[in-house]
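Residue-level structure breakdown
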Amino acid sequence: MLGSLFLLLQIKSWAKLLNTFCTSGKLELELIYKVQMQWYEDAKLMKLFPEIIRSLYGQGVLAEDTILHWFCKGTNPKGRQTFVEVLEPSVNWLEEAEGGISWTLFPWFYLLV
């Protein structure tokens, strides 16, 4: 738990810099692919994938369309199915949400904003 909280706080601290570089959907997808590649080997990190994506979304680094595109059509095959499975509940909720998404329903969100 402490490790995941530390990681989420680190993402918050780097969000402004990531926003500087993620200026298009293509670059946002590249960021998701990089996270996927780096965390493929570590099961503990893989479990945090949904929280990392939500955090990057909440910080304005990733757009909703980018997340949905990666989920539906992402092309990086390395561990893709596993990542898709762990992110599926979040994506289902995202697709069903009316008027956009409010990730603030997740209790750790307030630590990140």
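Keep in mind that what you see is a predicted model, and the values were worked out from it rather than measured.

Conventions we followed
Residues numbered from 1 in each chain as written. Predicted model: local features only at pLDDT ≥ 70, side-chain atom pairs only at ≥ 80, totals over all residues. Heavy atoms only, no water. Helix = DSSP H or I, 4+ residues; strand = E, 2+ residues; numbered from the N terminus. Expected span 1.5 Å × (residues − 1). Buried < 20%, exposed > 50% of the residue type's maximum accessible area, 1.4 Å probe, protein only. Salt bridge = Lys/Arg side-chain N within 4 Å of Asp/Glu carboxyl O. Patch = residues over 30% accessible without salt bridge, like charges linked within 9 Å, V, L, I, M, F, W, Y side chains within 5 Å. Areas by Shrake-Rupley, 256 points an atom, 1.4 Å probe, with all protein chains shown as cover. Phe/Tyr/Trp six-rings, centres within 6.5 Å; stacked < 30°, edge-to-face > 60°.

For the rest of this paragraph, the subject is helix α2 (residues 25-39). Here α2 is 15 residues long and its end C-alpha atoms lie 21 Å apart, about the 21 Å a rise of 1.5 Å per residue gives. When we look at burial in α2, the residues that qualify are Glu28, Leu29, Leu31, Ile32, Tyr33, Val35, Gln36 and Trp39.

This next bit is on the pattern of salt bridges. The tally for this structure, following the rule as stated, stands at 2 salt bridges. Residues Glu30 and Lys34 are paired through a salt bridge, measuring 3.6 Å at the closest nitrogen-oxygen approach. Of this pair, Glu30 and Lys34 are both found in helix α2, 4 residues apart, which corresponds to roughly one turn of the helix. The class of Glu30 is partly exposed, set by a relative accessible area of 36%. The partner of Arg54 in a salt bridge is Glu51, with the nearest N and O atoms 3.8 Å apart. With a gap of 3 residues between them, Arg54 and Glu51 both fall in helix α4 (residues 49-58), about one helical turn apart.

What follows concerns a nonpolar patch on the surface. A surface patch of nonpolar side chains, amounting to about 350 Å² of accessible area, comprises Trp14, Leu17 and Phe21. By secondary structure assignment, the location of Leu17 is in helix α1 (residues 2-21).

Further remarks concern the packing of aromatic side chains. One pass over the full model with this rule turns up 2 aromatic pairs. Measuring from ring centre to ring centre gives 5.4 Å for Phe49 and Trp70, while their planes differ by 50°; the resulting arrangement is tilted. Of the two residues, Phe49 is situated in helix α4 and Trp70 in helix α5 (residues 64-73); the sequence distance between them amounts to 21 residues. Relative to Phe83, the ring of Phe49 has its centre 4.7 Å away and its plane inclined at 65°; by these criteria the two rings are edge-to-face. Pair noted here: Phe49 is in helix α4 and Phe83 is in helix α6 (residues 80-96), with a separation of 34 residues, a long-range link. Taking relative accessible area as the criterion, Phe83 reaches 0% and is therefore assigned buried. Members of the aromatic cluster, connected to one another through ring pairs, are Phe49, Trp70 and Phe83.

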